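Chains, contacts and geometry: an overview
Spelled out, the chains give:
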Amino acid sequence: MSEFLKFAFEILSKIVYNLAACAVAFVRLFITGWVEYFLIFRTYFPTLDLVGKVLSVLLVLLLIAIPIVMIVILVRRAILHHQLKTDKSDNAALYREIGRLNKQVLQLMDEKNSILALKVNAMGETERIPYVGASALTDDQIPTVENVTSPEAAAAGMAAAAAARVATAAVAAGALGEEAATRAAEGQSIEGAAVPGAAALAGAPVVNAVLSENKKGVEHRFPKLTLVDEKYANYQVPAYDNEITLEDFVEGYRLFAASQMHLYYTPEIVRRFVAGMAASKLLILEGISGTGKTSLPYSFSRYMENPATIVSVQPSYRDRTEILGYFNEFSKRFNETEFLRALYEANYREDPTLIVLDEMNLARIEYYFAEMLSVLEMPSKDEWVLDLVPTEWPGDPKKLEGGKIHVSDATWFVGTANNDDSTFTITDKVYDRAMPIELNERADAFECEPHPHCDITAAHLQYLFAKAKVDYPISEELLEKMQKLDNYLITRFKLSFGNRIMKQMNDFIPVYVACGGSEVGGMDYIVARKVLKKFESMNVSFVRDEITGLINYLDKTFGSAEMQDSKNYLRRIQNLY
């Protein structure tokens, strides 16, 4: 044992000695040793040459910097540690304050609910109002003050609710027949389950928030559309002119706009507008500001005595609710828009209805107008319907069927678009479905005699469009040239007319000719606006090099005097790039 103690004493003393030696060495290294370092520096410095003196000074500065850097690091760590401890204590105090405020908010909400309950009970002289919860949202009729506070309505509602509960339970058990269900609704007993009648519940203090089946006093969730129903309750249909021709219709509008509204348009612009109506339900008027893009559909609708609805598109438009509105679950009302009202009113009218989307490319058209674009592509007009609400309620507008609104065939949508930094580019998806019309020049003013408006039905206008296709069919010569141009574009540019463009061309050109134009002019306009416009999204250098050859091909196929719109557009693209 004595040997072990001697061993332990010797090894522990050695460890303590080494630790003391380390501490002494650390002190001499960083504190007391600087005197010795300085004496060595003074001894050797006079004997060194210039380079040696410079290097010796740098070495001393480096040795001084090492302990200084270590001291700075230690001080910064100490400060950071102190700050973290302080922040933790401050955050704990902040969390405690937030918890206290949350408790106060909950207490205030409870007090507010108690006060509201007292006020409502005072209105109906009731003792309490039960919580109706989700049942109020699933009922097909809207609660009103009368039926909430009326004792008779409360009793009837309670009787119906109790009968429904008992009947449901009995049906689930498989022991209730039709006759028993009828007795339950009348307040009679069902297999031992007594249901109080209306008389027994007349004095009940419980309020029921469900209207009866009586439609009187039912609130309308579509107030604007209901006003449209009232407007057309005694509507007198005007005397329509069903003898007018397309050429007279176009010229009559020019004279009406000039004489009655002091708006001037060239015959070419009006021809394109009317022919565009024959080719598509969506027209896009493009051009510089001040050329009458909005005035054209507005004055055109005045000419037909059915003023257009102008909807100012906002940059915030993102989906269909911006133009159609939406159902508010809290107010039980549908937030209607002027677009929806005009769409609904078109179902009452026989004359064409124009809805103008002013500055339509301030927002992305393929977002907020996507559903309408899809609906208008449906081959059957019976499929032109939009879902507004999932179910039908009593008091809904007459023209709504099952919560759906029908898009009338007498409706055209006209959009105006500017091309500047504040707008979005209109995509090919929209252009393919629409008929673009450019207004880049103002027509010269002219004087004429006052010209009256023209009452024409949409059905007669559609008849004139169909008649034009019979009277002015596209010639075989032009169809052959169209096929050659299509083959050239496919070979050189990988572009094609496509089925939709061919259909629009077959609808556009005959009406364009019936309005006073030429079939080559109608084809020229469609090619320039619907086909060649795709060059803007192609490779710049490739298009620039091939445009000259395409212009020469147009001269060779159609003649140097024809297809001027297409040639001017190609030259503009060439100069732009």
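Quick look at the structure, then. (Residues numbered from 1 in each chain as written. Predicted model: local features only at pLDDT ≥ 70, side-chain atom pairs only at ≥ 80, totals over all residues. Heavy atoms only, no water.)

Looking only at helices and strands, the chain has 21 helices and 9 strands in total. A burial count over the chain gives 38% of its 577 residues as buried. In the chain, of all internal contacts separated by at least 6 residues, the share reaching a separation of at least 24 is 78%. As displayed, the chain offers around 33,200 Å² of accessible surface, 59% of which is attributable to carbon and sulfur atoms. (Helix = DSSP H or I, 4+ residues; strand = E, 2+ residues; numbered from the N terminus. Buried < 20%, exposed > 50% of the residue type's maximum accessible area, 1.4 Å probe, protein only. Contact = heavy atoms within 4.5 Å. Areas by Shrake-Rupley, 256 points an atom, 1.4 Å probe, with all protein chains shown as cover.)

Where charged atoms from two side chains of opposite charge approach closely, those side chains can pair. Following the criterion strictly, the structure yields 25 salt bridges and no others. A salt bridge links Arg341 to Glu338; the nearest nitrogen and oxygen atoms lie 2.9 Å apart. On the criterion of helical spacing, the pair formed by Arg341 and Glu338 is a turn pair, its members being 3 residues apart in helix α12 (residues 338-345). Arg341 gets classed as buried once you look at its relative accessible area, which sits at 18%. (Salt bridge = Lys/Arg side-chain N within 4 Å of Asp/Glu carboxyl O.)

With that out of the way, let us pick up the sheet that holds strand β2 (residues 309-312). If you walk across this open sheet you meet the 5 strands as β2-β5-β8-β1-β9, and the pairing is parallel. At either margin of the open sheet sits one strand with a lone partner, and together these are β2 and β9 (435-438). Pairs of neighbouring strands in the sheet enclose a mean axial angle of 20°, with direction left out of account. Relative to β9, strand β1 (residues 282-286) runs parallel, the two sharing 4 bridges. Bridge pairing in β9 links Leu285 to Ile437. (Pairing = 2+ DSSP bridges. Axes fitted to C-alpha atoms, helices over the stretch in contact; angles between N-to-C directions.)

Its location among the elements puts Thr353 in strand β5 (residues 353-358). Overall, Thr353 belongs to the buried group, its relative accessible area being 7%. Excluding residues within four positions of it along the chain, Thr353 makes contact with Asn306, Ala342, Ala346, Ala410, Thr411 and Trp412.

This next bit is on the packing of helix α17 (residues 476-493) against helix α19 (residues 519-531). The geometry of α17 relative to α19 is characterised by a closest axis approach of 11 Å and an angle of 20° between their N-to-C directions. It follows from the interaxial angle that α17 and α19 lie roughly parallel. As for how α17 packs across α19, the hand of that crossing is right-handed. Contacts between α17 and α19 involve Leu478, Met482, Leu485 and Leu489 from the first element and Glu519, Val520, Met523, Val527 and Val531 from the second. Tallied by class, the residues present in the contact of α17 with α19 amount to 8 nonpolar, no polar and 1 charged. (Parallel < 35°, antiparallel > 145°, perpendicular 65-115°, else oblique. Left-handed = near helix turned anticlockwise from the far one by under 90°. Nonpolar A, V, L, I, M, F, W, Y, C, P; charged D, E, K, R; others polar.)

With that out of the way, let us pick up the nonpolar core. Where a protein is soluble and globular, its nonpolar side chains tend to be buried together. The biggest cluster of nonpolar side chains holds 73 residues, and the ones touching the most others in it are Leu246, Phe249, Val274 and Leu485. In this structure, Val274 is in contact with Leu246, Phe249, Val250, Phe300, Phe465, Val511 and Cys515, ignoring residues within four places of it in sequence. If you look at the next biggest cluster of nonpolar residues, it comprises 43 residues, including Leu343, Met372, Val375 and Trp393. (Core = buried A, V, L, I, M, F, W, Y, C linked by side-chain atoms within 4.5 Å.)

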